[in-house]
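Chain by chain, the residues run as shown.
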Amino acid sequence: ILQTNSSGVLSFVDAPSGALVKLVQAHSLSDVSVVNVDSIFSSIYSAYRLVGTFKTTNSSVDARFRWRASSSDLSVSQYYGSGRGGYVKGSGAGSTSFSDWGSSYARLAQNLNNNNYNALQLDILLYPYNNTGAGNIGSINNASSFIFHNNYWNDASGEQQEQVSGGYTYTQTTVADGFALYPTAGDWDGYNYAVFGYKG
(Lines give C-alpha, C1' and ligand atoms only; values in the text may rest on other atoms or scores of the structure.)
Protein backbone atom coordinates (compact mmCIF):
# COMPACT_ATOMS: atom_id res chain seq x y z
CA ILE A 1 0.00 0.00 0.00
CA LEU A 2 1.27 3.51 -0.81
CA GLN A 3 1.03 5.84 2.18
CA THR A 4 2.03 9.39 3.12
CA ASN A 5 3.39 10.34 6.55
CA SER A 6 2.83 13.63 8.38
CA SER A 7 5.71 15.24 6.47
CA GLY A 8 4.25 14.30 3.10
CA VAL A 9 6.82 11.57 2.40
CA LEU A 10 5.53 8.66 0.31
CA SER A 11 6.41 5.07 1.21
CA PHE A 12 5.21 1.52 0.57
CA VAL A 13 4.03 -0.76 3.38
CA ASP A 14 2.54 -4.23 3.46
CA ALA A 15 -1.23 -4.37 3.43
CA PRO A 16 -2.64 -5.27 6.85
CA SER A 17 -4.09 -8.71 7.40
CA GLY A 18 -7.66 -8.90 6.19
CA ALA A 19 -7.22 -5.97 3.80
CA LEU A 20 -8.79 -5.92 0.35
CA VAL A 21 -6.02 -5.01 -2.10
CA LYS A 22 -6.65 -3.98 -5.71
CA LEU A 23 -4.44 -6.15 -7.91
CA VAL A 24 -5.48 -5.11 -11.40
CA GLN A 25 -7.96 -2.87 -13.18
CA ALA A 26 -8.64 -2.66 -16.91
CA HIS A 27 -11.16 -1.26 -19.34
CA SER A 28 -11.57 -1.22 -23.11
CA LEU A 29 -14.07 -0.19 -25.77
CA SER A 30 -12.38 -2.33 -28.44
CA ASP A 31 -13.69 -5.75 -29.47
CA VAL A 32 -11.89 -8.74 -27.94
CA SER A 33 -12.89 -12.39 -28.10
CA VAL A 34 -11.72 -13.17 -24.56
CA VAL A 35 -10.55 -11.33 -21.47
CA ASN A 36 -7.58 -13.18 -19.97
CA VAL A 37 -6.30 -12.21 -16.54
CA ASP A 38 -3.00 -14.06 -16.00
CA SER A 39 -0.38 -14.38 -13.26
CA ILE A 40 -2.52 -12.64 -10.66
CA PHE A 41 -2.96 -15.25 -7.89
CA SER A 42 -0.31 -15.81 -5.24
CA SER A 43 0.14 -17.50 -1.87
CA ILE A 44 -0.32 -14.27 0.12
CA TYR A 45 -4.05 -13.93 -0.61
CA SER A 46 -6.73 -16.23 0.76
CA ALA A 47 -9.40 -15.29 -1.81
CA TYR A 48 -10.09 -12.81 -4.61
CA ARG A 49 -12.96 -10.67 -5.83
CA LEU A 50 -13.76 -9.70 -9.41
CA VAL A 51 -16.20 -6.88 -10.12
CA GLY A 52 -16.89 -5.84 -13.68
CA THR A 53 -19.16 -4.90 -16.56
CA PHE A 54 -18.99 -6.69 -19.91
CA LYS A 55 -21.00 -6.09 -23.10
CA THR A 56 -21.23 -8.52 -26.00
CA THR A 57 -21.27 -7.77 -29.73
CA ASN A 58 -23.82 -10.56 -30.30
CA SER A 59 -27.18 -11.36 -28.77
CA SER A 60 -28.33 -14.80 -27.58
CA VAL A 61 -24.89 -15.81 -26.29
CA ASP A 62 -23.72 -17.17 -22.95
CA ALA A 63 -20.84 -15.86 -20.85
CA ARG A 64 -18.29 -18.47 -19.78
CA PHE A 65 -15.42 -18.75 -17.30
CA ARG A 66 -12.29 -20.90 -17.19
CA TRP A 67 -9.42 -21.00 -14.74
CA ARG A 68 -5.98 -20.51 -16.31
CA ALA A 69 -2.42 -21.59 -15.50
CA SER A 70 0.78 -20.61 -17.32
CA SER A 71 -1.27 -18.59 -19.86
CA SER A 72 -3.42 -21.58 -20.87
CA ASP A 73 -7.07 -22.36 -20.13
CA LEU A 74 -7.80 -25.20 -17.71
CA SER A 75 -10.40 -27.06 -19.75
CA VAL A 76 -10.58 -30.57 -18.33
CA SER A 77 -14.28 -31.51 -18.27
CA GLN A 78 -14.60 -31.20 -14.50
CA TYR A 79 -16.50 -27.96 -14.00
CA TYR A 80 -19.59 -28.53 -11.85
CA GLY A 81 -22.08 -25.88 -10.83
CA SER A 82 -25.30 -23.99 -11.34
CA GLY A 83 -26.99 -20.64 -11.19
CA ARG A 84 -30.45 -19.81 -9.86
CA GLY A 85 -32.31 -16.53 -9.95
CA GLY A 86 -35.26 -14.60 -11.20
CA TYR A 87 -36.45 -12.42 -14.04
CA VAL A 88 -38.98 -9.71 -14.72
CA LYS A 89 -40.66 -9.23 -18.10
CA GLY A 90 -43.34 -6.59 -18.47
CA SER A 91 -45.82 -7.20 -15.69
CA GLY A 92 -44.70 -10.81 -15.21
CA ALA A 93 -41.88 -12.36 -13.22
CA GLY A 94 -40.52 -15.82 -12.63
CA SER A 95 -37.54 -17.99 -11.83
CA THR A 96 -34.59 -18.88 -14.05
CA SER A 97 -31.74 -21.36 -13.83
CA PHE A 98 -28.87 -23.07 -15.61
CA SER A 99 -26.43 -25.82 -14.66
CA ASP A 100 -23.39 -27.72 -15.91
CA TRP A 101 -22.06 -31.11 -14.84
CA GLY A 102 -18.62 -32.22 -15.98
CA SER A 103 -18.28 -29.40 -18.52
CA SER A 104 -15.08 -27.88 -19.88
CA TYR A 105 -16.16 -24.43 -18.65
CA ALA A 106 -18.34 -22.67 -16.10
CA ARG A 107 -21.35 -20.64 -17.20
CA LEU A 108 -21.87 -17.15 -15.78
CA ALA A 109 -24.93 -15.97 -17.74
CA GLN A 110 -27.22 -17.18 -20.50
CA ASN A 111 -28.77 -15.66 -23.62
CA LEU A 112 -27.18 -12.24 -23.21
CA ASN A 113 -28.67 -9.36 -25.15
CA ASN A 114 -26.29 -6.79 -26.58
CA ASN A 115 -28.47 -3.73 -26.11
CA ASN A 116 -27.12 -0.55 -24.58
CA TYR A 117 -29.45 -0.58 -21.57
CA ASN A 118 -27.83 -3.27 -19.51
CA ALA A 119 -24.54 -5.06 -20.04
CA LEU A 120 -23.53 -8.09 -17.98
CA GLN A 121 -22.51 -6.99 -14.50
CA LEU A 122 -20.55 -9.49 -12.42
CA ASP A 123 -19.46 -9.88 -8.82
CA ILE A 124 -17.41 -13.06 -8.26
CA LEU A 125 -15.60 -14.42 -5.19
CA LEU A 126 -12.72 -16.59 -6.40
CA TYR A 127 -11.09 -19.39 -4.40
CA PRO A 128 -8.35 -20.83 -6.64
CA TYR A 129 -6.72 -24.05 -5.48
CA ASN A 130 -3.34 -23.47 -3.87
CA ASN A 131 -1.03 -25.51 -1.67
CA THR A 132 1.10 -22.82 -0.02
CA GLY A 133 0.72 -19.72 2.12
CA ALA A 134 -2.57 -18.04 2.96
CA GLY A 135 -4.20 -19.59 -0.08
CA ASN A 136 -3.49 -23.16 1.05
CA ILE A 137 -6.86 -24.87 1.31
CA GLY A 138 -5.66 -28.18 -0.09
CA SER A 139 -6.37 -30.07 3.12
CA ILE A 140 -10.05 -29.08 3.06
CA ASN A 141 -10.84 -28.42 -0.61
CA ASN A 142 -8.81 -29.96 -3.43
CA ALA A 143 -10.48 -27.81 -6.07
CA SER A 144 -10.78 -24.30 -7.46
CA SER A 145 -14.18 -22.75 -6.74
CA PHE A 146 -16.06 -19.50 -7.13
CA ILE A 147 -19.34 -17.92 -6.08
CA PHE A 148 -21.00 -15.39 -8.37
CA HIS A 149 -23.83 -12.92 -8.67
CA ASN A 150 -24.84 -11.16 -11.87
CA ASN A 151 -27.32 -8.82 -13.51
CA TYR A 152 -28.10 -8.69 -17.24
CA TRP A 153 -30.68 -8.41 -20.02
CA ASN A 154 -31.71 -11.84 -21.28
CA ASP A 155 -32.57 -12.30 -24.96
CA ALA A 156 -34.63 -15.50 -24.56
CA SER A 157 -38.32 -15.43 -25.57
CA GLY A 158 -38.22 -11.72 -26.20
CA GLU A 159 -36.31 -9.68 -23.64
CA GLN A 160 -36.29 -9.86 -19.87
CA GLN A 161 -34.24 -8.45 -17.01
CA GLU A 162 -32.49 -11.28 -15.18
CA GLN A 163 -30.33 -11.73 -12.09
CA VAL A 164 -28.64 -15.00 -11.12
CA SER A 165 -26.51 -16.22 -8.21
CA GLY A 166 -24.57 -19.47 -8.12
CA GLY A 167 -21.28 -21.26 -7.82
CA TYR A 168 -18.92 -23.64 -9.61
CA THR A 169 -16.18 -26.06 -8.63
CA TYR A 170 -13.32 -27.26 -10.85
CA THR A 171 -12.17 -30.56 -9.40
CA GLN A 172 -8.52 -30.44 -10.43
CA THR A 173 -5.50 -29.74 -8.22
CA THR A 174 -3.77 -27.63 -10.85
CA VAL A 175 -2.67 -24.38 -9.22
CA ALA A 176 -4.43 -21.68 -11.23
CA ASP A 177 -2.80 -18.28 -11.60
CA GLY A 178 -5.58 -16.53 -13.52
CA PHE A 179 -8.85 -16.88 -15.40
CA ALA A 180 -10.62 -16.22 -18.69
CA LEU A 181 -14.02 -14.69 -19.45
CA TYR A 182 -15.51 -15.07 -22.93
CA PRO A 183 -18.83 -15.08 -24.82
CA THR A 184 -19.88 -18.20 -26.73
CA ALA A 185 -20.02 -16.25 -30.01
CA GLY A 186 -18.77 -12.89 -31.20
CA ASP A 187 -16.66 -10.67 -28.96
CA TRP A 188 -16.78 -8.52 -25.89
CA ASP A 189 -17.75 -5.14 -27.31
CA GLY A 190 -16.30 -3.48 -24.21
CA TYR A 191 -15.50 -4.15 -20.57
CA ASN A 192 -14.44 -2.56 -17.30
CA TYR A 193 -13.25 -4.72 -14.39
CA ALA A 194 -11.09 -4.84 -11.30
CA VAL A 195 -9.70 -7.74 -9.28
CA PHE A 196 -8.99 -7.51 -5.56
CA GLY A 197 -7.16 -9.87 -3.24
CA TYR A 198 -8.13 -10.65 0.37
CA LYS A 199 -4.89 -10.61 2.33
CA GLY A 200 -4.38 -12.73 5.40
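Above: the structure in question.
Quick caveat, the model's predicted, so the values are computed rather than measured.

Honestly, the pattern of salt bridges in this entry has me stumped. Any pointers?
A side chain with one charge can pair with a side chain of the opposite charge if their charged atoms come near. Under the definition given, this model contains 7 salt bridges. With a shortest N-O distance of 3.7 Å, Arg-107 and Asp-62 are connected by a salt bridge. Of this pair, Arg-107 sits in strand S10 (residues 106-112) while Asp-62 sits in strand S6 (residues 61-69), and the two are 45 residues apart along the sequence. Per residue, the accessibility class of Arg-107 equals that of Asp-62, and both read buried.

Is there a simple way to think about the environment of Ser-95 in this case?
Relative to the helices and strands, Ser-95 is located in strand S9 (residues 92-103). A residue is classified by how much of its surface remains accessible, and Ser-95, at 64% relative accessible area, is exposed. Considering only alpha carbons, one finds Ser-95 and Gly-85, 10 residues apart in sequence, at a separation of 5.7 Å. With residues near it in sequence (within four places) discarded, Ser-95 still touches Gly-85, Gly-86 and Tyr-87.

Sorry if this is basic, but what is going on with the environment of Tyr-117 here?
Inspection of the secondary structure puts Tyr-117 in the loop between S10 and strand S11 (120-127). In sequence terms Tyr-117 and Tyr-152 are 35 residues apart; their C-alpha atoms lie 9.3 Å from each other.

Where do I start with unusual backbone geometry in this structure?
What you tend to see is this: most non-glycine residues have negative phi, and most peptide bonds are trans. Non-glycine residue Ser-60 carries a positive phi angle of around 60 degrees. The topology assignment puts Ser-60 in the loop between strand S5 (45-56) and S6. When its relative accessible area of 46% is taken as the criterion, Ser-60 is described as partly exposed. Although it is not a glycine, Ser-71 sits at a positive phi angle of roughly 65 degrees. Tracing the chain through its elements places Ser-71 in the loop between S6 and strand S7 (72-73).

Could you clarify how one ought to interpret the packing of aromatic side chains in this entry?
To describe a pair of aromatic rings, one takes the distance between the centres and the angle between the planes. Scanning the entire structure with this criterion turns up 18 aromatic pairs. Where Phe-41 meets Tyr-48, the ring centres are 4.4 Å apart and the plane angle is 45 degrees; that geometry is what we call tilted. Judged by its relative accessible area of 12%, Phe-41 falls in the buried class. Each residue in the set Phe-41, Tyr-45, Tyr-48, Phe-65, Trp-67, Phe-98, Phe-146, Phe-148, Tyr-168 and Phe-179 is aromatic and connected to the rest through ring pairs, giving one cluster. In this structure, Arg-64 is placed above the aromatic ring of Tyr-105, and the distance from its NZ or CZ to the ring centre is 3.6 Å.

What's the story with the side chain of Ser-28 in this structure? I'm lost.
Tracing the chain through its elements places Ser-28 in strand S3 (residues 20-28). A polar side-chain atom of Ser-28 sits 3.0 Å from the main-chain amide nitrogen of Ser-30. The residues contacting Ser-28, other than those within four sequence positions of it, are Gly-190 and Tyr-191.

Looking at this structure, how should I read the environment of Tyr-168?
Within the fold, Tyr-168 resides in strand S13 (residues 160-170). Residues Tyr-168 and Ala-106 lie 62 residues apart in sequence; the distance between their C-alpha atoms is 6.6 Å. Setting aside residues no more than four positions away along its own chain, Tyr-168 makes contact with Tyr-80, Gly-81, Ser-82, Phe-98, Ser-99, Asp-100, Ala-106, Arg-107, Ser-144, Ser-145, Phe-146 and Phe-148. Only 2.4 Å separates the side chain of Tyr-168 from the side chain of Asp-100, close enough to count as a polar contact. Of note is the side chain of Tyr-168, whose polar atom sits 3.5 Å from the backbone nitrogen of Arg-107.

Got a minute to help me understand the nonpolar core in this structure?
What tends to happen in soluble globular proteins is that the nonpolar side chains get buried as a cluster. Ranked by size, the top nonpolar core spans 40 residues in total, and within it Phe-65, Trp-67, Leu-108, Leu-126, Phe-146, Phe-179 and Tyr-193 carry the most contacts. If near-sequence neighbours (up to four positions away) are discounted, Leu-126 is found in contact with Phe-41, Ala-47, Tyr-48, Leu-50, Phe-65, Trp-67, Ser-145, Phe-146 and Phe-179.

Any chance you could explain the side chain of Thr-56 here in plain terms?
Mapping Thr-56 onto the fold places it in strand S5. Among the polar contacts listed, one links the side chain of Thr-56 to the backbone oxygen of Asn-58, at a separation of 2.6 Å. Leaving out residues up to four positions away in the same chain, Thr-56 has contacts with Val-61, Leu-112, Asn-113, Asn-114, Pro-183, Asp-187, Trp-188 and Asp-189.

Cut-offs applied
Residues numbered from 1 in each chain as written. Predicted model: local features only at pLDDT ≥ 70, side-chain atom pairs only at ≥ 80, totals over all residues. Heavy atoms only, no water. Salt bridge = Lys/Arg side-chain N within 4 Å of Asp/Glu carboxyl O. Helix = DSSP H or I, 4+ residues; strand = E, 2+ residues; numbered from the N terminus. Buried < 20%, exposed > 50% of the residue type's maximum accessible area, 1.4 Å probe, protein only. Contact = heavy atoms within 4.5 Å. Phe/Tyr/Trp six-rings, centres within 6.5 Å; stacked < 30°, edge-to-face > 60°. Lys NZ or Arg CZ within 6 Å of the ring centre and 35° of its normal. Polar contact = N/O pair within 3.5 Å; in protein donor to acceptor, adjacent residues only side chain to side chain. Core = buried A, V, L, I, M, F, W, Y, C linked by side-chain atoms within 4.5 Å.

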